[in-house]
Amino acid sequence: MAIKTQKLIRDFLPAFRRKTFLKIILLQIVSALAVAGILFGLLELNLADMRLWIIVAIISAISIIINIILTKIAARPAKDLLAATIHISGELTDSTPPNPNDKYYAGTGLDRALQSIYDIAGAKSEVEASTNNPTDQPTVVVPSSDKLKSALDTTTCGFVVLDNKRKITFYNKAAPIHFDSENTPSLNVIFNGSDTLDAWLNDCEQHAVHAEHTWTRIPDKLADEEDRRLFDVIASYDKGSANEVVLTLVDRTAVYSVSEQELDFIAFAAHELRGPITVIRGYLDVLSDELDDVLAEDQKELFRRLTVSANRLSGYINNILNTSRYDRRHLSVHLNEDKLSDIYDMITDDMQLRAHSQNRMLNVNIPSDLPTVAADRASISEVLGNLIDNAIKYSNEGGVINVTAGVKSDFVEVSVQDFGIGMPGNVVSNLFQKFYRSHRSRETVAGTGIGLYISKAIVESHGGNIGVRSEDGKGSVFTFTLPIYATIAAKLQAGNNSNEALISQGKGWIKNHDMYRS
Amino acid sequence: MLMPIKTILVIEDDRFIGEMYVRSLMKAGYSVDWVVDGNDGLITARNKSYDLILLDVMLPEKRGTEILSALRGGKEDLIPNTKVIVLTNFEQDDKSRAEMQQHADAYLIKAEITPKKLIEVIRQLDN
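Asks: Which parts of the structure should I look at to understand unusual backbone geometry?
Replies: For residues besides glycine, phi is generally negative; the peptide bonds are generally trans as well. Residues and elements named next belong to chain A. Here Arg-166, not a glycine, exhibits a phi torsion of approximately 65 degrees, which is positive. On the secondary structure map, Arg-166 appears in the loop between strand 1 (158-162) and strand 2 (168-171). Using a relative accessible area of 26% as the deciding quantity, one classes Arg-166 as partly exposed.

Right, here's the structure in full:
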């Protein structure tokens, strides 16, 4: 016996439609033949007369079309009710759930039928929720709407209700609301990048009947403005309901602003450090030049060590600044067409000096004929610097470090390989987290643990990936990819060279320095 | 054809950093004037035509941003034959930085630019 597969709700309509259309066409053919028979019998028309058959064919065709149209019109309410049922049943579908507030349904009663179906879904989830919480009191005292409003105005939680046109129909005192010149209220918060309320609502309109979403750390003002508040925003969406969207805004300023201040302090401190660093690096540059003829070789080596250390210090300060900007969602990269070999050229002297002074052998093979990439020069040179710096740290005296690059589908892939202490697998998964230091590095190597964290942030903001392969005791290979410029040129130009079009979960980046920074 | 860069005005309030630039630029064969505050910077830039101005941002009396917009922000470019390199350690907000970049020929972070690299950048501007 053949096993009959369980049909889904969404399978019903197409099958039903096919059957109905087939029946219409068959019945039409039968009735056309009957008409032809009658005409022939009564009027004794000549069967060979083509005109008779043409008339019969035209009449049949017209009635088939009319019948199909009438069937569609007649079946529309059933189709919409079915579509609503599919959505609340949770079956996968790409259709848009019918909107009870559509003009087509207004005041016909069908709007209420659709609403009832959606309400069933709402009631169902409420039942589920209350069965999880058996102490729920079944009787609810409903306060008068004035009382409710004054109660809502005393809470520190913001409530905002939007109708199906996304117009604000209610807001309480604590809600961050802004009025335009015509006194129309609008929500006054700044979402990050493309993850906005509107984007979510667009998505809901297409695919959802009931939905909920939470955004955290949403400010109402820009970073350096006064009286800035930070909210967690919880939105619930209820298709077709008079209060289609209800927003709850929890003011979390007290919790979040502490870390904001800390980050500001870090950024400030890092700026202050840059002044003396400028002087140290500059004078070392001047002095080692001017004293070149005077100094003995071992003294020159001491100068090189000073230079290497000052350069490293400067790199760490950049890491701290970038991390603080990234955590405040202020880091941005400005992508331009660039050659990887040219980017490396900017730091090659510094890197060779660094490797040499710490007795490592740095082999760099970045072909100059690789396709151009979309990159922010300063940021990518910081990533390269971080990876090479790590390779130096975690390899042994006299060790070799290989830097190579090649094409991998739509990307250029860069690898930095060392033959140092390596890591076991369980370490690798935590490696790109902030302040993470690997098992042995805590005892043996100094560092802040933010180099890889910020490198990952920078690479991903380019639309690339960063990863590592490592074997305990044998060494590690860090690789990162950058998109080939030609593959994303059109997107970039449309987005004014910012990375927003590239990064779907964009985080409100601001531009970095796009002119040469070092 | 453009004349190669010969005369340079350094507007920089930090004595250590100012002297460092002046010393290495003079050694490299440039003729250099140095002023330490914003007002003097603007006056000097308007009185004499330099081939290049090195402009700090955080300056006493007048910020580098104000100097640059006074020189180039109006209808008329008051220094059409002069190139401008902005040198700063201060991370400006996006808007003011974009505005400065628009009017400057380069925008550099001081801590990243040793005198040697600065001279390389100046030579690149010559091309």
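Asks: Would you explain the environment of A:Asp251 in this entry?
Replies: Residue and element names in this part refer to chain A. With respect to the secondary-structure elements, Asp-251 resides in strand 7 (residues 245-251). A sequence separation of 19 residues divides Asp-251 from Asp-232, and the C-alpha atoms of the two residues are 6.7 Å apart. Once residues lying within four places of it in the same chain are set aside, the contact partners of Asp-251 are Thr-156, Arg-229, Leu-230 and Phe-231. A polar atom in the side chain of Asp-251 sits 3.4 Å from the side chain of Arg-229. Polar contacts involving the side chain of Asp-251 include one to the side chain of Thr-253, which spans 2.4 Å.

Asks: Even after reading the chapter, I still don't get the layout of surface pockets, so can you show me in this structure?
Replies: To find the voids left in a structure, one rolls a probe of water-molecule size over its atoms. Size it by volume and the second largest pocket reaches roughly 790 Å³. In this structure, the second largest pocket is lined by 28 residues; those nearest its centre are A:Asp285, A:Asp349, B:Thr114, B:Lys116 and B:Lys117. Elements that contribute at least two residues to the lining of the second largest pocket include exactly helix 6 (253-290), helix 7 (297-327) and helix 8 (340-357) of chain A together with helix 5 (115-126) of chain B. Among the residues making up the lining of the second largest pocket, the classes are represented as eight nonpolar, seven polar and 13 charged.

Asks: What exactly am I supposed to notice about the sheet that holds strand 12 (residues 411-418) of chain A here?
Replies: Neighbouring strands of a sheet are bound in pairs by backbone hydrogen bonds; such pairs are parallel or else antiparallel. Residue and element names in this part refer to chain A. Strand order in the open sheet formed by five strands is 9-11-12-14-13, with mixed pairing between adjacent strands. If you trace the sheet from one side to the other, it starts and ends with strand 9 (361-365) and strand 13 (466-471), each paired once. For this sheet the average axis-to-axis angle between neighbouring strands, irrespective of direction, equals 15 degrees. Two strands pair when backbone bridges link them, and strand 13 and strand 14 (residues 475-483) are joined in this way by six bridges, in the antiparallel orientation.

Asks: Would you explain the pairing of strand 1 (residues 7-11) of chain B in this entry?
Replies: Residues and elements named next belong to chain B. The buried fraction of strand 1 amounts to five of the five residues, a majority that puts the element mostly inside the structure. Where strand 1 meets strand 2 (residues 31-35), five bridges bridge the pair, whose relative direction is parallel. Across the sheet, the residue bridging to Ile-8 is Val-32, located in strand 2. Each parallel crossover has a hand, and the one from strand 1 via helix 1 (residues 15-27) to strand 2 is right-handed. With four bridges joining them, strand 1 and strand 3 (residues 52-56) adopt parallel strand pairing.

Asks: Would you explain the packing of helix 7 of chain A against helix 12 (residues 451-461) of chain A in this entry?
Replies: Each packed pair of helices is defined by two parameters, the angle between the axes and the distance between the axes. Residues and elements named next belong to chain A. Look at helix 7 against helix 12: their axes get within 10 Å of each other, and the N-to-C directions meet at 55 degrees. In this view, helix 7 runs oblique relative to helix 12, as classed from their interaxial angle. The way helix 7 lies across helix 12 gives a crossing that is left-handed. Along the contact surface, helix 7 presents Asn-319, Asn-322, Thr-323, Tyr-326 and Asp-327, while helix 12 presents Gly-451, Tyr-453, Ile-454, Ala-457 and Ile-458. Counted by class, the contact of helix 7 with helix 12 contains five nonpolar, four polar and one charged residues.

Cut-offs applied
- Each chain has its residues counted from 1, running along the sequence as written.
- Throughout, the order in which chains and ligands are written sets their labels, letters from A for the former and numbers from 1 for the latter.
- Two thresholds apply to this predicted model, a pLDDT of at least 70 for residue-level local features and 80 or more for giving and counting side-chain atom pairs, whereas whole-chain, interface and lining totals are computed over all residues.
- Calculated side-chain values reflect all of the structure's heavy atoms, with hydrogen atoms and water omitted.
- The secondary structure listing takes helices from DSSP runs of H or I that are at least 4 residues long and strands from runs of E that are at least 2 residues long, numbered from the N terminus.
- A simple rule labels every residue: compare its accessible area, found with a 1.4 Å probe on the protein chains alone, to the largest value its type can have, and call it buried under 20%, exposed over 50%, or partly exposed in between.
- Any two residues whose heavy atoms approach within 4.5 Å are treated as being in contact.
- Counting of polar contacts relies on pairs of N or O atoms within 3.5 Å, with two restrictions inside protein: one atom must be capable of donating a hydrogen and the other of accepting it, and residues adjacent in sequence are counted only when both atoms are side-chain atoms.
- Definitions used for this entry: grid spacing 1 Å over protein atoms alone; cavity, a set of points where a 1.4 Å probe fits but cannot get out; pocket, an open set with protein on both sides within 12 Å along at least 5 of 7 lines; lining residue, one with an atom within 4 Å of a point.
- Grid points are joined across faces, edges and corners, and a volume is the space filled by probe spheres set on the points.
- Any residue outside Ala, Val, Leu, Ile, Met, Phe, Trp, Tyr, Cys, Pro, Asp, Glu, Lys and Arg is labelled polar, Gly included; the first ten of those are nonpolar and the last four are charged.
- The pairing criterion for strands is at least two bridges between them, as found by DSSP.
- Structural elements are reduced to axes, namely lines fitted to C-alpha atoms, with helices fitted over the stretch in contact, and the angle between N-to-C directions of any two is expressed from 0 to 180 degrees.
- Consider the strands pointing away from the viewer: the crossover is right-handed when the path from the first strand over the helix to the second runs clockwise.
- Angles below 35 degrees are treated as roughly parallel, those above 145 as roughly antiparallel, those between 65 and 115 as roughly perpendicular, and all remaining angles as oblique.
- Crossings are classed by handedness, with left-handed meaning an anticlockwise turn of the near helix from the far one by less than a right angle and right-handed meaning a clockwise turn.

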